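Analysis of the macromolecular model
Listed here are the chains, written in short residue letters.
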Amino acid sequence: MKIEDTFKPYLTVKRSYKGGKSKQAVKANKKVYKLSSNENPLGTSPKVVAAIKAAIDDLHIYPDRTDNALCEALATDFNQELAPSQFLASNSGCDVIEMILRAFVNIGDEVIISNPCFVPYQSFSSRLGGVIVDVPLVGEDYTLDVAGIIAAITAKTKVIFLTSPNNPTGSYISKSELDTLLPEIPKNIIIIYDEVYRHFADADDYVTGVAYVKAGYNMVVVNSFSKSYGLAGMRVGYCYSSEKIISYIKQLSKPFIINKLSSAAAIAALEDRDFINEVVRTVHEERSYIYAELDRLDISYTPSQANFYLIEPPMAAAVFIDHMMSEGVMVRPADNFGAPGKVRISIGDHEANLAVIAALSSLPDCSSSIL
Ligand SMILES: Cc1ncc(COP(=O)(O)O)c(C=O)c1O
């Protein structure tokens with residue numbers, strides 16, 4: 001007998017999530033633009049930083065035992081369309097996703113995902129003994145295979161992941177696609193609708209999950225403070241759903257789960273709507289600039305509804321990534337996400353995006369320069 005005999009067989013995860021490298025981990029002798037983790041191009045709101053500083057006293061006292069104050073603020077942010085009791089906050093979007101899966105997935109349950117997608121959907125489900133059923137996105141624009149998902153549902157299906165806008169493709173699920181798919185999903189299945197990039201979407205037929213939760217679908221909608229709110233370092237995320245589903249998942253939460261600083265930061269971030277508007281305006285403006293430059297350089301990309309874009313480099317992805325790094329730009333290979341040969345680049349501020357275009361312009365196949 002050995003200790004490995006007691007290890008759970010499904011905990012030998014084959015495809016685990018490798019986060020982007022930190023700037024410190026990359027030895028560079030020039031300025032590095034970190035565009036590998038979809039962080040906020042404008043940083044963090046100064047009002048939020050002030051709120052964190054104001055909350056720093058009395059750290060020896062436990063924070064609020066519950067997430068109630070944050071849930072009240074979230075209900076206000078959603079214009080009271082949802083009640084505070086329909087929200088559940090925790091330590092990041094990832095944490096919330098894991099909690100939902102822990103609440104529903106038993107060994108052998110099937111979890112439908114659509115690659116390319118956020119890697120933790122697969123690794124977290126597998127850790128619980130879930131069986132992944134992949135219904136890949138289709139075509140150059142990576143659209144959802146609605147008929148394929150309906151056909152893949154079996155008596156064992158427990159969870160269906162839908163992501164809009166999707167990481168790493170930036171593609172989205174239209175209202176009509178959701179309206180076709182959702183009524184076909186049996187009532188014993190949980191739909192995890194991940195909308196952490198929702199603020200950046202501007203397509204006319206883009207929708208959040210609010211109307212579907214209100215219509216009674218078994219949808220748990222995942223959000224994060226890491227992206228548009230610029231709080232990736234504070235680790236706060238939340239979900240909303242029906243009161244019944246939220247109070248069921250909440251049993252897995254822990255007392256004092258959200259620390260004082262993160263709670264103060266998240267509440268202040270919700271109040272600072274001007275900052276979000278400025279972030280969104282910047283991303284939209286920079287997205288248009290980047291598209292125009294990519295067109296000029298004849299580099300193919302997937303139109304994005306998010307704060308990043310997926311490109312097909314005119315050379316092997318690994319060679320391309322090394323070239324970008326040597327030019328001071330950190331980007332992310334998308335093969336681990338299920339998009340082999342493609343590379344994901346976050347939208348930075350204008351200075352960072354100029355550096356991207358300069359680096360792309362100096363590629364062997366893109367000799368024309370903007371500078
Ligand atoms: C689609 C998607 N969902 C959820 C998350 C989780 O974000 P966090 O754990 O930082 O809140 C990310 C982060 O990159 C993401 O891309």
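Residues numbered from 1 in each chain as written. Predicted model: local features only at pLDDT ≥ 70, side-chain atom pairs only at ≥ 80, totals over all residues. Heavy atoms only, no water.

Below, the discussion takes up the sheet that holds strand β3 (residues 110-113). The seven strands are arranged β2-β8-β7-β6-β5-β3-β4 in an open sheet whose pairing can be described as mixed. With partners counted over all chains shown, the strands left at the sheet margins are β2 (87-90) and β4 (131-134), one partner each. Strand-to-strand, the axes of this sheet are offset by a mean angle of 20°, without reference to chain direction. With four bridges joining them, β2 and strand β8 (residues 237-240) adopt antiparallel strand pairing. Residue pairing across strands places Leu-88 opposite Cys-239, the latter belonging to β8. Running over the sheet, helix α2 (residues 68-77) touches β2 and β8 and is turned about 125° from β2. On top of the sheet, helix α3 (residues 93-104) reaches β2, β5 (157-163), β6 (190-194), β7 (219-224) and β8; it is set at about 160° to β7, its chief contact. (Pairing = 2+ DSSP bridges. Helix = DSSP H or I, 4+ residues; strand = E, 2+ residues; numbered from the N terminus. Axes fitted to C-alpha atoms, helices over the stretch in contact; angles between N-to-C directions. Contact = heavy atoms within 4.5 Å.)

It is common to report an interface's size as the accessible area lost on association of the parts. One can read the domain layout of the chain as domain 1 (3-44 + 274-361) and domain 2 (46-272). For domain 1 and domain 2, the distance between their C-alpha centres works out to 22 Å. Contact with domain 1, which involves 34 residues of that partner, is made by 39 residues of domain 2. Carbon and sulfur atoms supply 61% of the area that domain 1 and domain 2 bury against each other, a total of about 3,100 Å² over both sides. One salt bridge in this structure joins Arg-287 and Asp-202, with 3.1 Å as the shortest N-O distance. Where domain 1 packs against domain 2, one counts 17 residue pairs in polar contact (both at pLDDT 80 or more). Those elements giving two or more residues to the side of domain 1 that touches domain 2 turn out to be α10 (273-297) and β10 (308-312). If you tally residues by element for the side of domain 1 that touches domain 2, the top one is α10, at eight residues. (Domains from an automatic or database assignment. Buried area = accessible area lost by both parts, 1.4 Å probe. Salt bridge = Lys/Arg side-chain N within 4 Å of Asp/Glu carboxyl O. Polar contact = N/O pair within 3.5 Å; in protein donor to acceptor, adjacent residues only side chain to side chain.)

Next up on the list: empty space enclosed by the protein. All told, the structure shown has two cavities of 30 Å³ or more when counted by the stated rule. Computed from the structure, the largest cavity encloses a volume of approximately 110 Å³. In terms of lining, the largest cavity is formed by 15 residues, of which the most central are Ser-114, Leu-137, Leu-144, Thr-163 and Asn-166. It is β5 that provides the largest number of residues to the lining of the largest cavity, a total of three residues. Taken together, the residues of the lining of the largest cavity sort by class into ten nonpolar, five polar and no charged. The calculated volume of the second largest cavity comes to roughly 40 Å³. Of the residues assigned to the lining of the second largest cavity, the class counts are three nonpolar, four polar and two charged. (1 Å grid on protein atoms, 1.4 Å probe; cavity = no way out; pocket = protein on both sides within 12 Å on 5 of 7 lines; lining within 4 Å. Points joined across faces, edges and corners; volume = space filled by probe spheres on them. Nonpolar A, V, L, I, M, F, W, Y, C, P; charged D, E, K, R; others polar.)

Turning to the pattern of salt bridges, a few remarks are in order. Under the counting rule described, the total for this entry stands at 15 salt bridges. The shortest N-O distance in the salt bridge between Asp-5 and Lys-2 comes to 3.5 Å. With a relative accessible area of 41%, Asp-5 lands in the partly exposed category. Residues Arg-198 and Glu-195 are paired through a salt bridge, measuring 3.6 Å at the closest nitrogen-oxygen approach. We classify Arg-198 as buried; its relative accessible area is 12%. Each of Glu-278, Arg-281 and Glu-285 takes part in a single network of salt bridges with overlapping partners. (Buried < 20%, exposed > 50% of the residue type's maximum accessible area, 1.4 Å probe, protein only.)

For the ligand, the set of nearby residues contains 13 residues, the closest of which are Gly-93, Asn-167, Asp-194, Ser-224 and Ser-226. With respect to the ligand, the side chain of Asn-167 contributes an N or O atom lying 2.7 Å from an oxygen atom. A distance of 2.6 Å is found between an oxygen atom of the ligand and a side-chain nitrogen or oxygen belonging to Ser-224. When the free accessible area of the ligand is taken as 390 Å², the share hidden by the protein chains comes to 94%. (Near = heavy atom within 4 Å. Areas by Shrake-Rupley, 256 points an atom, 1.4 Å probe, with all protein chains shown as cover.)

So, on to unusual backbone geometry. With the exception of glycine, most residues fall at negative phi, and the peptide bonds are largely trans. Note the cis peptide between Asn-115 and Pro-116, where omega equals 0°. When you line up the elements, Pro-116 lands in the loop between β3 and α4 (120-127). Residue Pro-165 is bonded to the preceding Ser-164 through a cis peptide linkage, with omega at -5°. Structurally, the position occupied by Pro-165 is in the loop between β5 and α6 (175-181). Here Arg-235, not a glycine, exhibits a phi torsion of approximately 60°, which is positive. Within the secondary structure, Arg-235 is located in the loop between β7 and β8.

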